[in-house]
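Fold and contact review
Spelled out, the chains give:
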Amino acid sequence: MGDTLEFSDIYQEVKGSWNDGRLRFSKQNVVYKSSKTGKVDSIQAGELNLAQWRRVCLGHGIKLGTSSGHVYKYDGFRDTDFEKISEFFKANYKVELTEKDMCVKGWNWGTAKFSGPLLSFEVNDSTAFEVPLSNVSQCATGKNEVTLEFHQNDDTEVSLMEVRFYVPPNQSDERQDPVEAFAENVLSKADVIQATGDAVCIFKELQCLTPRGRYDIRIYPTFLHLHGKTFDYKIPYTTVLRLFLLPHKDQRQMFFVISLDPPIKQGQTRYHFLILLFSKEEDLSLTLNMSEEDVERRFEGKLSKNMSGSLYEMVSRVMKALVNRKITVPGNFQGHSGAQCITCSYKASSGLLYPLERGFIYVHKPPVHLRFEEISCVNFARGTTTTRSFDFEIETKQGNQYTFSSIEREEYGKLFDFVNAKKLNIKNRGFKEGMKGKIDEYSDSDEDQHDAYLERMKAEGKIREEGNDSEESDGESDESFNPGEEDDDIAEEYDSNASASDSSEDGDDSDDASEKKKPKKPKVVKEKKERKPRKEKKQKETGGPKRPMSAYMLWLNSSRERIKSENPGISITEISKKAGEMWRQLGKDEKEEWDTKAGEAKRNYEKAKQEFKESGGGATSSSKKESKKSGGKKEEKKRKSASADKDRERGGGNDSFKSKEFIETSESSSDSDHKSKSKRKKESDDDDEEEAVSTPASSDEESD
């Protein structure tokens, strides 16, 4: 047996929600890490004093108890895991793993026992259910009833709101009410926040971004109290997951972020993050409401009774000591401007994205924290509105996608190097190669590969800089140009526009006008590219043999009815999906049978096609189309000639007699018409020339 035992897909129940994770048994401790929140539970081997193996809803589970009274329950084990876990516990923990049966009778009358942080309801010495008292938010008493209300979890579809226990009166002991005794046992372990005693310290009028407003923060030994003008929030330190201290991009402000699970609520709004904004120039002298001995004993040198410094340092230092969690700060990343963050937009709101050593955090609306271990892949996408920016997309293993847009393209190189160094999967790099192997191999491959997108961005930046330099040089030449001092050069350059005789005739006025005029920049005429002639479309052969089916289509036609009978009510699209899966699972021998049938069908098709061409079937369709085109042109000519005859009949009918004035005017008009028609003929195509020749002459031309 090895030194460790590891199990994946182990579930832990948190307020009615099953969170999966990984569980590891080692000689020193038991460690469980949640895949959803990243929270780590560590139990030292010397503290274990209870281990039970139970049959639960998700297979089998383990209940572990410690000497300090804490209870941990993990489900999702298999029946075959019992032996190796039991042997490991005996060898390393000196604790026997006992089997415990649960009561499944469904009775609602039994005995309530308080064991540490659990309320156990037992029927005939078998546990029916257990209630973690830390989930209790309120306890109310009646005549013979005790009502327990629970904290709600937003991740669950159905939540347990309350449970009522009927407590019968105890006639033997009249001095103590059994209902009150039951309620006292519940409240001693319940997570009911009661502001008793004095606060350790108070911070006045701190600017809070989420929830928005200015709040007084009162620090108590077990919870944090936010007191505002409209709302009050009480936050237990047990709900604090992480602490972040992030510098603003302007280097004059600091963000202090507190991650909460479960979040604080205001109506239907949930606040998973508490974000405070401080100015670096704001200082504070702080005195704790405790004696020096109590401060030294409780905080072990992390805090002192009298402290002074920047306001954000005081708040972060006090929170770190009370919550007992590390403060996360940005790592070695530096953007294009030298800041440790990137300006971007998320859900139409501008904010800052901080690349950390183990994840990304976006501040501030809405705040988002993404750990590297829950990221499936990232993607660098082209900006939708402009080419001066790009989008950074993050896709998680749960299928959620986060798009941070409007990032300046100067940040691309720094961000790409950071993502590459952290060995995250990049979606739009080497995608086809990555599909051949596993995801891990895909993420680590092509690290030194040539990045065409980065090279293109650099080239565009150089072009833009050169364009700016040329504009500056043009501006300098315009300012230094003085038309009064360089008359000779102007005369030589603009001889075609203004001659010497014109300037002498105009006199002084022309000299003044020439001084006001500025030389125009010569227009650059772009060379027109010759268009390539369009490719003629292949004409379909009508009446020819049909193309043969592929091996897959032949198999599908023969198997369609069988798929329908095996899957009643299946749609047409689902049939094709199902057939594709079945075809991929076929063996080589079965596929060879259909390949031979497809080859035979193809040979028959080639033979029939050859016979069809020899009989003259392929040329008939093209000849028909040509005859249609020629016939259409003849009909158009007939129509035009008929319309011209009608116009002549309307004009008077007798074309032989014309007056002298009419003949002269007709000669002049016919000359002009003749010139205009000759111009049109030069500019028109061959088809237009044929139409002009076919049309009859007008009455004016006949008079000539």
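Presented here is a report on the structure given in the accompanying data block.

The rules behind each value
- Residues numbered from 1 in each chain as written.
- Predicted model: local features only at pLDDT ≥ 70, side-chain atom pairs only at ≥ 80, totals over all residues.
- Heavy atoms only, no water.
- Helix = DSSP H or I, 4+ residues; strand = E, 2+ residues; numbered from the N terminus.
- Buried < 20%, exposed > 50% of the residue type's maximum accessible area, 1.4 Å probe, protein only.
- Contact = heavy atoms within 4.5 Å.
- Areas by Shrake-Rupley, 256 points an atom, 1.4 Å probe, with all protein chains shown as cover.
- Core = buried A, V, L, I, M, F, W, Y, C linked by side-chain atoms within 4.5 Å.
- Patch = residues over 30% accessible without salt bridge, like charges linked within 9 Å, V, L, I, M, F, W, Y side chains within 5 Å.
- Salt bridge = Lys/Arg side-chain N within 4 Å of Asp/Glu carboxyl O.
- Lys, Arg positive; Asp, Glu negative; His and termini not counted.
- Charge placed at Lys NZ, Arg CZ, Asp CG, Glu CD.
- Phe/Tyr/Trp six-rings, centres within 6.5 Å; stacked < 30°, edge-to-face > 60°.
- Polar contact = N/O pair within 3.5 Å; in protein donor to acceptor, adjacent residues only side chain to side chain.
- Axes fitted to C-alpha atoms, helices over the stretch in contact; angles between N-to-C directions.
- Parallel < 35°, antiparallel > 145°, perpendicular 65-115°, else oblique.
- Nonpolar A, V, L, I, M, F, W, Y, C, P; charged D, E, K, R; others polar.
- Left-handed = near helix turned anticlockwise from the far one by under 90°.
- Pairing = 2+ DSSP bridges.

This next bit is on the overall build of the chain. Check the secondary structure of the chain and you find 18 helices and 31 strands. Counting over 704 residues, the chain shows a buried share of 33%. Taking contacts inside the chain between residues at least 6 apart in sequence as the whole, the part at least 24 apart equals 46%. Working note: accessible area of the chain is about 47100 Å², and carbon and sulfur atoms make up 46% of it.

Before going further, it helps to examine the nonpolar core. The biggest cluster of nonpolar side chains holds 41 residues, and the ones touching the most others in it are Phe203, Ile219, Leu224, Phe256, Val315, Val318 and Met319. Considering every element that reaches this core, the biggest residue donor is helix α4 (residues 311-323), with 9 residues. Those residues in contact with valine 315, other than ones at most four positions away along the chain, are Phe203, Leu206, Phe256, Leu276 and Phe278. Among the nonpolar cores identified, the runner-up in size contains 26 residues, and Leu370, Phe380, Ile394 and Phe418 belong to it.

Let us look at a negative patch on the surface. There is a patch of like negative charges on the surface, built from Asp79, Glu83, Glu87, Glu99 and Asp101. Locating glutamate 87 in the fold gives a position in helix α1 (residues 81-93).

This part is about the packing of aromatic side chains. All told, the structure shown has 32 aromatic pairs when counted by the stated rule. Judged by centre distance (4.9 Å) and plane angle (35 degrees), the rings of tyrosine 32 and tyrosine 74 are tilted. Of this pair, tyrosine 32 sits in strand β3 (residues 29-34) while tyrosine 74 sits in strand β7 (residues 71-77), and the two are 42 residues apart along the sequence. Like tyrosine 32, the residue tyrosine 74 is buried in the burial classification.

Tracing the backbone shows serine 316 in helix α4. A relative accessible area of 6% means that serine 316 is categorised as buried. Counting along the chain gives 60 residues from serine 316 to phenylalanine 256, while the straight-line C-alpha distance between them is 7.3 Å. The residues contacting serine 316, other than those within four sequence positions of it, are Leu245, Phe256 and Ile327. Of the polar contacts made by the side chain of serine 316, one reaches the backbone oxygen of tyrosine 312; its length is 2.8 Å.

Our next topic: a positive patch on the surface. On the surface, a cluster of positive charge is made up of Lys302, Lys320, Lys326 and Arg358. Position of arginine 358 relative to the elements: it lies in the loop between β26 (349-355) and β27 (359-363).

A few words now on the side chain of glutamate 411. Considering the arrangement of structural elements, one finds glutamate 411 in the loop between β31 (401-408) and α5 (412-421). Of the buried charged residues, glutamate 411 lacks a salt bridge, with lysine 249 as the closest side chain of opposite charge at 4.6 Å.

Moving on, we get to the packing of helix α12 (residues 551-566) against helix α14 (residues 588-614). Interaxial distance between α12 and α14 falls to 8 Å at its minimum, and their mutual angle equals 110 degrees. One element, α12, and the other, α14, form an angle in the roughly perpendicular class. Note on element contacts: α14 touches α12 through Trp594, Asp595, Lys597 and Ala598, opposite Ala551, Leu554, Trp555 and Ser558. The residue makeup of the contact of α12 with α14, split by class, is 5 nonpolar, 1 polar and 2 charged.

Contact pair α12 / helix α13 (residues 572-585): the axes reach a minimum separation of 10 Å and the direction vectors enclose 115 degrees. In this structure, the crossing between α12 and α13 has a hand that is right-handed. Here α12 contributes Ala551, Tyr552, Trp555, Leu556, Arg562, Ile563 and Lys564 to the contact with α13, which in turn contributes Ile575, Ser576, Lys578, Ala579, Gly580, Met582 and Trp583. Classifying every residue of the contact of α12 with α13 by side-chain character gives 9 nonpolar, 2 polar and 3 charged.

Taken together, the 3 bridges between strand β15 (residues 201-210) and strand β21 (residues 269-279) define a ladder with antiparallel strand orientation. Across the sheet, residue cysteine 208 finds its bridge partner in β21, namely leucine 276. Where strand β20 (residues 253-266) and β21 come together, 10 bridges link them in antiparallel fashion. Along β21, the bridge assignment pairs methionine 254 with phenylalanine 278. Counting the residues in the hairpin turn of β20 and β21 gives 2 residues, including glycine 267, whose phi is positive at 70 degrees.

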